[in-house]
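Chain by chain, the residues run as shown.
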Amino acid sequence: MTEQQETNKKNPVVKLVNNRNFLVFIAFVVLSSFLWFLNYLNKNLTSEITIKYKFKNVPKTINEESSHSGELIVTASGQGYNLLQESLKTRNIPLSIDLDSKAQDNRQLLKYASNKGKAYIISSDLKPLLRKKVGEKINIGEIKPDTLFFNLIDVREKKVPIETANIEYKLIDGQKITRTSIVPDSITIIGQKSIIDSIEKIDVENENLGLIKARKQYNVAIDIPEGISASQKIASVSYDIEMYTKATKRIKVKAVNFPKEYAYTLLPEYVTVNYVVPISLYGKVNEYDFSATIDYEKAAGNCAEVQVQSSFSKAEIISSQPSTCTFILEKK
């Protein structure tokens, strides 16, 4: 009797499982839910995606504890399927943030606060990197937190000039550089005091620009020493270039420091000065812009070297003939 009662209790479940209509109903519910889910994924949606990140090329000035990996909460919009795919993918593949890279404005991604104890990254500067990671099918909106902060260790900063001696270039025959401009002309370097104190200037990296053009801007990398961070790593160099021409002037030799009790005769009395000058200033140079002297106190016997100088800054002396002058002394 008891066995019969237990069988009767199970009968409703067994009957329900064996009921074909019920099974068809469940199948339709599952299929409808699946189709609804697919249709949902095909719509344009907005959702928050958690993206893990890690850092590389961390400067020595940054405290290790503040440069650990973390998470960004990104408001993303796009087709639901793409959002779901990216949400699943980002769980295992962190975003690699290079602290040595630059933001869209061509400035360093890592910035330094005015109080010198903090460095930071503005999260919106990471959007190009995030777009590259999630693809073009997903639009990136708000990023939380909006700023990533780093603690600095025994940091000093110092402003030093930038020099361009390491740049090589070529000019057309007859051309000369009249001015070299570099922007910025100085840079703020940041690092530990023991390193910063010994740095008086920063050079640009070795680079050959080839044949250069007047006033064209050339971007060159700044050679930042190891262990040092800088406010900028790229400088813009430009050159003022003029076409020069060769010219000559005949200049009378002047004698200095000769004994007053003697009269003297100079042989020769004139020297020829060869110089180069910008074509635009060719007509403005005259013989009075040059001087040729011999100094009795520097003479060897009755011969002295002719010292030639130019008072016209744009007229550059390249040679003079003769280079020496003899003299004859006669008692007055």
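Look up a bit, the structure's there.
Residues numbered from 1 in each chain as written. Predicted model: local features only at pLDDT ≥ 70, side-chain atom pairs only at ≥ 80, totals over all residues. Heavy atoms only, no water.

A. How the structure looks around the nonpolar core. Counting 28 residues, the largest nonpolar core has F55, I97, I121, L126, L130 and F150 as the members making the most contacts within it. Elements represented by at least two residues in this core include exactly β1 (44-56), β2 (70-79), β3 (95-98), β5 (118-122), α4 (127-134), β6 (138-144) and β7 (147-151). Counting residues per element, this core draws most heavily on β1, which supplies four residues. Among all residues touching I121, those that are not within four sequence positions of it are F55, I97, L99, L109, L110, L126, D146, T147, L148 and F150. (Core = buried A, V, L, I, M, F, W, Y, C linked by side-chain atoms within 4.5 Å. Buried < 20%, exposed > 50% of the residue type's maximum accessible area, 1.4 Å probe, protein only. Helix = DSSP H or I, 4+ residues; strand = E, 2+ residues; numbered from the N terminus. Contact = heavy atoms within 4.5 Å.)

B. Spotlight on the pairing of strand β14 (residues 218-221). Along β14, the buried face is formed by Y218 and V220; none of N219 and A221, which line the opposite face, is buried. With four bridges joining them, β14 and strand β16 (residues 234-256) adopt antiparallel strand pairing. Across the sheet, the residue bridging to V220 is A235, located in β16. (Pairing = 2+ DSSP bridges.)

C. Spotlight on the sheet that holds β7. An order of β4-β5-β7 is seen for the three strands of this open sheet, with the pairing classed as antiparallel. Only two strands of the sheet have a single neighbouring strand rather than two, namely β4 (111-112) and β7. Inspection of the sheet shows β5 paired to β7 by five bridges, in the antiparallel sense. Paired with Y120 across the bridge in β7 is F149.

D. Examining the pattern of salt bridges more closely. Across all of its chains, the model carries eight salt bridges by this definition. Among the salt bridges present, the one from D100 reaches K233, with a minimum N-O distance of 2.1 Å. Of this pair, D100 sits in the loop between β3 and β4 while K233 sits in the loop between β15 (229-230) and β16; the two residues are 133 residues apart in sequence, bridging distant segments of the chain. Among the residues examined, K233 registers a relative accessible area of 22% and is labelled partly exposed. A salt bridge links D125 to K111; its shortest N-O distance comes to 3.1 Å. Of the two residues, D125 sits in the loop between β5 and α4 while K111 sits in strand β4, which places them 14 residues apart along the sequence. Counted as one network, the salt bridges with shared partners bring together E163, K201 and D203. (Salt bridge = Lys/Arg side-chain N within 4 Å of Asp/Glu carboxyl O.)

E. Spotlight on the sheet that holds strand β8 (residues 155-163). Taken together, the four strands give an open sheet; going across it, the order is β12-β8-β11-β15, and neighbouring strands pair in mixed fashion. If you trace the sheet from one side to the other, it starts and ends with β12 (202-203) and β15, each paired once. With two bridges joining them, β8 and β12 adopt parallel strand pairing. Across the sheet, residue E163 finds its bridge partner in β12, namely D203.

Coordinates in, geometry out; function isn't part of it.
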